[in-house]
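# Reading the structure
So you can see what is in the structure, the chains are spelled out below.
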Amino acid sequence: MNTTGDATDGEGVRLQKVLADAGIGSRRACEQIISAGRVKVNGKTVSWFGERVDPRTDEIQVDGRKISTWHEFRYYAVNKPVGVESTMAPGRGNRTLIDFVEDLTERIYHVGRLDTDTEGLLLLTNDGELAHRLTHPSFGVTKTYLADVPAPIPRDLGRRLRSGVVLDDGPVKVDGFSLVEQTGRRALVEVVLHEGRKHIVRRLLKEVGFPVRRLARTAFGPIQLGRLKPGGVRALTEKEVAALYKAVGM
């Protein structure tokens with residue numbers, strides 16, 4: 001950060017422009033936010049909107065929330081179809097994620113994995129620190145799944161799953177469970193957990209007597225799959241990226 005206070009200094013970019021480019025608001029609105037003392041740069045409150053910063057290296061917060069300012073970082077959501085492998089390498093028979101993002105010029109990576117026979121939301125980014133925190137269980141970022149299982153669903157199933165079930169590689173507890181719908185011999189249940197062990201949702205439900213017919217991830221932390229079609233890719237919004245930062249304490 002430039003600390004000389006010289007608004008005509010050629011080093012760095014004016015703070016209000018960086019905020020506006022990050023989607024915080026118009027230049028004028030960002031000037032007012034800065035003047036109100038709501039912005040910190042590298043932990044220090046900045047109240048003069050002529051301040052210049054380096055968006056590549058300076059950490060900028062608005063109302064205590066870190067914002068993404070260096071646009072070489074990229075963040076995407078993809079709806080992985082069934083049968084697609086969670087890898088950015090070319091496939092040997094099966095399709096892989098690279099088939100859906102080959103038009104992107106940046107080198108990006110998938111955040112965690114989904115089984116080949118599981119569909120739904122995967123995040124892609126080149127922000128290594130964020131990716132690490134999103135996948136490390138100590139940060140407690142939840143993933144939400146919809147599972148098609150046999151009916152009927154007993155009333156105490158949610159309680160059993162929240163209390164914990166012992167699998168062959170240790171116990172697991174869900175963070176949330178709900179019955180979405182139940183018709184005849186089929187039911188749709190929602191499972192929320194922050195575990196990342198292999199096949200964890202399928203193994204968990206099978207252990208309590210409800211083998212999964214079809215499984216889809218519908219949310220990763222604050223990011224929702226929404227109406228993104230299978231195989232579709234979209235860039236995350238600035239608001240969504242900020243929500244991911246907040247979820248992992250960045």
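The text that follows walks through the structure, step by step, so that each part is easy to find. From a predicted model like this one, the values you see are computed outputs, not experimental measurements.

Criteria and thresholds
Residues numbered from 1 in each chain as written. Predicted model: local features only at pLDDT ≥ 70, side-chain atom pairs only at ≥ 80, totals over all residues. Heavy atoms only, no water. Helix = DSSP H or I, 4+ residues; strand = E, 2+ residues; numbered from the N terminus. Buried < 20%, exposed > 50% of the residue type's maximum accessible area, 1.4 Å probe, protein only. Contact = heavy atoms within 4.5 Å. Areas by Shrake-Rupley, 256 points an atom, 1.4 Å probe, with all protein chains shown as cover. Lys, Arg positive; Asp, Glu negative; His and termini not counted. Charge placed at Lys NZ, Arg CZ, Asp CG, Glu CD. Arc of directions from axis to C-beta. Salt bridge = Lys/Arg side-chain N within 4 Å of Asp/Glu carboxyl O.

### Comments concerning the overall build of the chain
What the chain contains, in helices and strands, is seven helices and 19 strands. For the C-alpha atoms alone, the extent of the chain along its principal axes is close to 70 × 40 × 30 Å. Relative to its 250 residues, the chain shows a buried fraction of 44%. A fraction of 63% describes how many contacts in the chain between residues 6 or more apart in sequence connect residues 24 or more apart. As displayed, the chain has an accessible area near 13200 Å², and 48% of this comes from carbon and sulfur atoms. For the chain, the distance from the average position of its 39 positive side-chain charges to the average position of its 32 negative side-chain charges is 6 Å.

### A closer look at helix H4 (residues 128-135)
Every buried residue of H4 is listed here: Leu130, Ala131 and Leu134. The buried residues of H4 occupy an angular sector of 100° when projected down its axis, which confines them to one face.

### Some details on the pattern of salt bridges
A side chain of one charge can pair with a side chain of the opposite charge if their charged atoms are brought near each other. Enumeration according to the criterion identifies 13 salt bridges in this entry. Across the salt bridge formed by Arg159 and Asp156, the nearest N and O atoms sit 3.4 Å from each other. On the basis of relative accessibility, which here comes to 51%, the residue Arg159 falls in the exposed class. The salt bridge involving Asp169 is made with Arg203; its shortest N-O contact spans 3.0 Å. Placement of the pair is Asp169 in the loop between strand E13 (165-167) and strand E14 (170-172) and Arg203 in helix H6 (residues 200-207), with a sequence separation of 34 residues.

Function cannot be read off these values alone, since they describe shape.
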